[in-house]
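# Structural features, examined
The chain contents come next:
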Amino acid sequence: MKKVLVLAETRDGNIRNVSFEALSAAQAIAAGGEITAAVFGPGAGAHAAALAHYGAAKVVVVENEALAQYTPDSYTQAFSQVIGTVEPDAIVVGHTSIGRDLAPRIAARLGYGLVSDVTSIEGDDVFVRPIYAGKAFQKRSFADNKVFITVRPNNIALVAPDASKTAETVALDVELKDLRTIVKEVVRKTSGKVDLSEAKVIISGGRGVKSKDGFKPLEELADVLGAAVGASRGACDADYCDYSLQIGQTGKVVTPDLYIACGISGAIQHLAGMSNSKVIVAINKDPEAPIFQVADYGIVGDLFEVVPLLTAEFKKA
Ligand code: FAD
């Protein structure tokens, strides 16, 4: 039985889905031990009930104005103080931009072993993570069980929420000293309708879309499917879309239920970001394109003909 602490991330006033997945991972690791969730920012206490439904027995709420937006120094100080209070054996956060930044800082400071980008857990202490751009899997465990893990979104199966569960809520005052960064404004470059890293369906465009306007048919299909729009680096480099959409080795790593690649050749660096998607559909006019080797369904054709046909059919459904 272990004590496990989870950082619950919020976005647009809601707990991110990956944080519920982190709580599900915590249940496996805790093996019957106590799970605590920490949630930061003004109004954070409102999330305690939802966190309890996913297994948090205790929720540490830090309603400090300086934690309304993530900054490395404010979150490092605040989360370190929460860890000092809870003294967990294991810490779990999402493998998001926040988790990727925060986990190594805190693991190094407080002497926790770090396993990042975990996609599954065997038993309660073997953490599985992809390596070599997803070509192999590594299993890690720590003899002293003091471990900090980040979990890749859309990989850890969610436990069924139990609305009858409640948590003890603890309000914690943290001391934040000499903050070097203050966020004045957040400007989102993406449409923000669906978060790319947590999306269940992604419509992704490559250099084959040929222009900024070429993304419009993909956006229309995404609207019909409630999907997020992604891109290859080829499309980003050509300035057809913003780099925040880039998927791959040097972009976002995604694991949606459905990934539709339109006009993407399937370079190894792109596959590194999407090859673990559950179902891959490729639309490419070149039947020899390498993307067809990883695709579950392939459509050889012009994306500007195929994508509007798909949109029209899905609209009927
Ligand atoms: P292309 O390779 O040019 O492919 C375009 C495809 O569109 C072709 O297959 C063509 O047949 C098809 N096509 C053209 N017109 C149509 C049409 N009308 N209908 C249907 N199909 C059409 N790439 C990433 O994506 N993500 C990364 O994170 C990434 N990181 C990298 C890191 C490093 C260190 C390096 C060296 C490279 C990286 N790359 C990355 C770049 C990668 O190597 C490829 O250059 C890039 O993925 C190619 O993008 P693309 O498939 O859109 O373009």
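The text that follows walks through the structure, step by step, so that each part is easy to find.

Rules and cut-offs
- Residues numbered from 1 in each chain as written.
- Predicted model: local features only at pLDDT ≥ 70, side-chain atom pairs only at ≥ 80, totals over all residues.
- Heavy atoms only, no water.
- Pairing = 2+ DSSP bridges.
- Helix = DSSP H or I, 4+ residues; strand = E, 2+ residues; numbered from the N terminus.
- Axes fitted to C-alpha atoms, helices over the stretch in contact; angles between N-to-C directions.
- Contact = heavy atoms within 4.5 Å.
- Parallel < 35°, antiparallel > 145°, perpendicular 65-115°, else oblique.
- Left-handed = near helix turned anticlockwise from the far one by under 90°.
- Nonpolar A, V, L, I, M, F, W, Y, C, P; charged D, E, K, R; others polar.

Further remarks concern the sheet that holds strand 1 (residues 4-8). Pairing in this open sheet of seven strands is parallel, and the strands run 7-11-6-1-4-5-12 from one edge to the other. Both outer strands of the open sheet, strand 7 (113-118) and strand 12 (168-171), are each paired with one neighbouring strand and no more. Strand-to-strand twist across the sheet, computed as the mean angle between neighbouring axes with direction ignored, equals 20 degrees. Against the sheet, helix 1 (residues 17-30) contacts strand 1, strand 4 (35-40), strand 6 (90-94) and strand 11 (147-151), and its axis sits at roughly 175 degrees relative to strand 1. Against the sheet, helix 3 (residues 72-86) engages strand 1, strand 4, strand 5 (58-62), strand 6 and strand 11, with an angle of about 155 degrees to strand 4.

Attention shifts here to the packing of helix 3 against helix 4 (residues 97-110). Closest axis-to-axis distance for the helix 3/helix 4 pair is 10 Å, and the angle between their directions is 50 degrees. Classified by the interaxial angle, the pair formed by helix 3 and helix 4 is oblique. As for how helix 3 packs across helix 4, the hand of that crossing is right-handed. When helix 3 is examined against helix 4, the residues Pro72, Tyr75, Thr76, Phe79, Ser80 and Ile83 are found in contact with a partner set consisting of Asp101, Leu102, Arg105, Ile106, Arg109 and Leu110. The residue makeup of the contact of helix 3 with helix 4, split by class, is seven nonpolar, two polar and three charged.

Moving on to the packing of helix 5 (residues 216-225) against helix 9 (residues 303-316). Relative to each other, helix 5 and helix 9 sit at 20 degrees, their axes nearing to 9 Å. One finds that helix 5 runs roughly parallel with respect to helix 9. Relative to helix 9, the crossing made by helix 5 is left-handed. Counted together, Pro217, Leu218, Glu220, Leu221, Val224 and Leu225 of helix 5 and Leu303, Phe304, Val307, Leu310, Thr311, Phe314 and Lys315 of helix 9 form the full contact between these two elements. A class-by-class count of the residues in the contact of helix 5 with helix 9 yields ten nonpolar, one polar and two charged.

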